[in-house]
Amino acid sequence: MKKTLTLKDTLVAIVIALVFGIIYKVGTIPYDLLKPFGLQLEQVIYGFWFMAGPFAMLIIRKPGVALIAEAAAALIETFLAGGMGMQSFVYGIGQGLACELIFLMTRYRRFTLDTATISGLLACLASFLIDWPYGYLAVQPWALTLIIVFRFIGTIIITGFLTYYLAKAMEKTGVAQMVRPITKDDYDALK
């Protein structure tokens, strides 16, 4: 398989980003609904904002796709009147670069539940690094612990499992074959 991005790959990544940009915007609703309850429960929803990169990578499987999809999804969320403005784009770039790391480490050859989950966890870590200057030092230790634990749990469930099985469901429909031909390993995995 050719490892360089084609125009078709880029366009599919942008379409994926469009869908996830809308999901990112809609994701603010449950996030905001959980906030008043305290206990940092809204952090469980945070995994939604890391989905575009791993999902695009699981479908397209080429270097740079996670970065393009994550950054574009954040930009689309911004255009849909996201509350954070262009700061969302900064998060998208940071999270997209973080998503790419695990796939780069596997030389873009491993597209499993493990790599999708680790990709999401790396994006989660990037979100903490970008968030850090915005006041984590002022947060009580118990609250910071809950933020970290709930965000990582949400990332594992949403960005890991949900993203992986959503990509698998798309593969079963044959949609993924439009961007990449199915290999014997892929076919065997569907049985």
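Heads up: the structure comes first, above all this text.
Caption draft 1: Examining the overall build of the chain more closely. Helix and strand counts for the chain come out as 7 helices and 0 strands. The N-to-C order of helical and strand elements in the chain reads α-α-α-α-α-α-α. Taken over C-alpha atoms, the radius of gyration comes to 16 Å for the chain, in line with the 16 Å a tight globule of 191 residues would show. Structurally, the chain occupies a C-alpha span of about 50 × 30 × 25 Å along its principal axes.

Caption draft 2: Looking closely at the nonpolar core. In this structure, Ile16, Phe20, Met57, Ile59 and Ile60 are the most contacted members of the largest nonpolar core, which totals 44 residues. Breaking this core down by element, the ones donating at least two residues are α1 (7-34), α2 (52-60), α3 (65-79), α4 (87-105), α5 (113-131) and α6 (141-173). At 7 residues, the largest contribution of residues to this core is made by α2.

Caption draft 3: Spatial organisation of the packing of aromatic side chains. Across all of its chains, the model carries 9 aromatic pairs by this definition. Ring centres of Tyr31 and Trp49 lie 5.4 Å apart, and the angle between their planes is 85 degrees; on these two criteria the pair is classed as edge-to-face. With Tyr31 in helix α1 and Trp49 in the loop between α1 and α2, this pair connects stretches of sequence that are 18 residues apart. Grouping residues by exposure puts Tyr31 and Trp49 together as buried. Their ring planes at 20 degrees and their centres at 5.7 Å tell us that Phe103 and Phe111 sit as a pair that is stacked. An aromatic cluster is built from Tyr31, Tyr46, Trp49 and Phe50, whose rings are joined through pairwise contacts. The lysine or arginine in question, Arg151, covers the ring of Phe128, its NZ or CZ lying 4.2 Å from the ring centre.

Caption draft 4: View of the pattern of salt bridges. Within this structure, the stated rule accounts for 5 salt bridges. Between Asp9 and Lys62 there is a salt bridge; the shortest N-O distance is 2.7 Å. Within this pair, whereas Asp9 is found in helix α1, its partner Lys62 is found in the loop between α2 and α3, the two being separated by 53 residues in sequence. For the pair shown, Asp9 and Lys62 are each scored as buried. Across the pair Lys168 and Glu171 runs a salt bridge, and its minimum N-O distance is 3.2 Å. Taken together, the residues Lys168 and Glu171, both in helix α6 and 3 residues apart, mark about one turn of the helix.

Caption draft 5: Representation of α6. In a regular helix each residue adds 1.5 Å, so 33 residues correspond to 48 Å; α6 covers 47 Å between its end C-alpha atoms and thus fits that length. Most pronounced at Thr155, the bend in α6 amounts to some 25 degrees. One or two residues past the end of α6 sits Gly174, with phi positive at roughly 95 degrees.

Caption draft 6: Main features of α2. Of all 9 residues making up α2, 9 are buried, and the element is well covered by its neighbours. Taken as a whole, α2 has its buried residues at Ala52, Gly53, Pro54, Phe55, Ala56, Met57, Leu58, Ile59 and Ile60. Those residues of α2 hidden inside the fold are in contact with α1, α3, α4, α5 and α6. At the exit of α2 stands Arg61, carrying a positive phi of roughly 60 degrees.

Caption draft 7: Geometry of the packing of α1 against α2. Relative orientation of the contacting elements α1 and α2 amounts to 145 degrees, with a least axis distance of 10 Å. In this structure, α1 crosses over α2, and the sense of that crossing is right-handed. Between α1 and α2, the contacting residues are Asp9, Val12, Ala13, Ile16, Phe20 and Tyr24 on the first element and Ala52, Phe55, Ala56, Ile59 and Ile60 on the second. For the contact of α1 with α2, the class distribution of residues is 10 nonpolar, no polar and 1 charged.

The rules behind these values
Residues numbered from 1 in each chain as written. Predicted model: local features only at pLDDT ≥ 70, side-chain atom pairs only at ≥ 80, totals over all residues. Heavy atoms only, no water. Helix = DSSP H or I, 4+ residues; strand = E, 2+ residues; numbered from the N terminus. Rg over C-alpha atoms; globule rule 2.2 N^0.38 Å. Core = buried A, V, L, I, M, F, W, Y, C linked by side-chain atoms within 4.5 Å. Buried < 20%, exposed > 50% of the residue type's maximum accessible area, 1.4 Å probe, protein only. Phe/Tyr/Trp six-rings, centres within 6.5 Å; stacked < 30°, edge-to-face > 60°. Lys NZ or Arg CZ within 6 Å of the ring centre and 35° of its normal. Salt bridge = Lys/Arg side-chain N within 4 Å of Asp/Glu carboxyl O. Expected span 1.5 Å × (residues − 1). Bend = angle between axes of the 7 residues up to and from the residue. Contact = heavy atoms within 4.5 Å. Axes fitted to C-alpha atoms, helices over the stretch in contact; angles between N-to-C directions. Left-handed = near helix turned anticlockwise from the far one by under 90°. Nonpolar A, V, L, I, M, F, W, Y, C, P; charged D, E, K, R; others polar.

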